[in-house]
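# Structure assessment
Here is how the chains run, residue by residue.
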Amino acid sequence: EHFARADIRDSVRYIASELIGNAVKYSATPDILIKITLNLSTPEFRFITINEVELAKAEAYKKFVERLLACDPERLYIDQMEKNSADSNWRSSIGFLTIMLDYGGQLAWKFNTNDDANTLTATTMVRLPVTGNYLSNNGEVVNGSCWQKV
């Protein structure tokens, strides 16, 4: 299977955008720092976001994560799409599912208590496999293990 560099770039953009969007959605206040890192360590990209989450939002976030981890992602995706079509005020909640189903991303979360009793620190990680062969800008096939050198 061959992947164009544009496909990888689009995958990285989508996943980073979803992670930032969720960090903003669940952040304690608008002025809280959100940290995002992207590491390439063959054979995967690792995206990590860290942000402060207010306790009320943290509980909803944790419940969604628990549901995501416990359910079949394809079934949950269909359920979420049906809720979206039935209720225009419903938050889509399909970003993480899209990362899993369409991009093959593996997700993990960690919630830590803070000195501030009103917030938690949420860490989200996405591991995106980078395997196979890639097409360089000139159409030349490049082995996945050399991706970082292209």
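Data block above holds the structure.
Every value quoted in this text rests on a predicted model; they were computed, and no experiment measured them. (Residues numbered from 1 in each chain as written. Predicted model: local features only at pLDDT ≥ 70, side-chain atom pairs only at ≥ 80, totals over all residues. Heavy atoms only, no water.)

## Notes on the packing of aromatic side chains
Geometry of an aromatic ring pair is reported as the spacing of the ring centres plus the angle between the planes. Across all of its chains, the model carries five aromatic pairs by this definition. Relative to Tyr103, the ring of Tyr14 lies with its centre 5.1 Å away and its plane at 20°, an arrangement referred to as stacked. Pair noted here: Tyr14 is in helix α1 (residues 5–26) and Tyr103 is in helix α4 (residues 95–103), with a separation of 89 residues, a long-range link. Residue class for Tyr14 comes out partly exposed when judged on its relative accessible area of 23%. Residue Tyr103 is classed as partly exposed on the basis of its relative accessible area, which comes to 27%. (Phe/Tyr/Trp six-rings, centres within 6.5 Å; stacked < 30°, edge-to-face > 60°. Helix = DSSP H or I, 4+ residues; strand = E, 2+ residues; numbered from the N terminus. Buried < 20%, exposed > 50% of the residue type's maximum accessible area, 1.4 Å probe, protein only.)

## Looking at helix α3 (residues 73–86)
Taking 1.5 Å per residue, 14 residues should reach 20 Å; α3 reaches 20 Å between its end C-alpha atoms and fits that length. Within the span of α3, buried status applies to Leu76, Gln80 and Asn84. Angularly, the buried residues of α3 cover 80° about the axis, an arc narrow enough to put them on a single face. Pointing more than 90 degrees away from the buried face of α3 are the exposed residues Glu74, Ser85 and Ala86. The inward-facing, buried residues of α3 abut α2 (55–70) and α4. (Expected span 1.5 Å × (residues − 1). Arc of directions from axis to C-beta. Contact = heavy atoms within 4.5 Å.)

Limitation: the analysis is restricted to geometry and does not speak to function.
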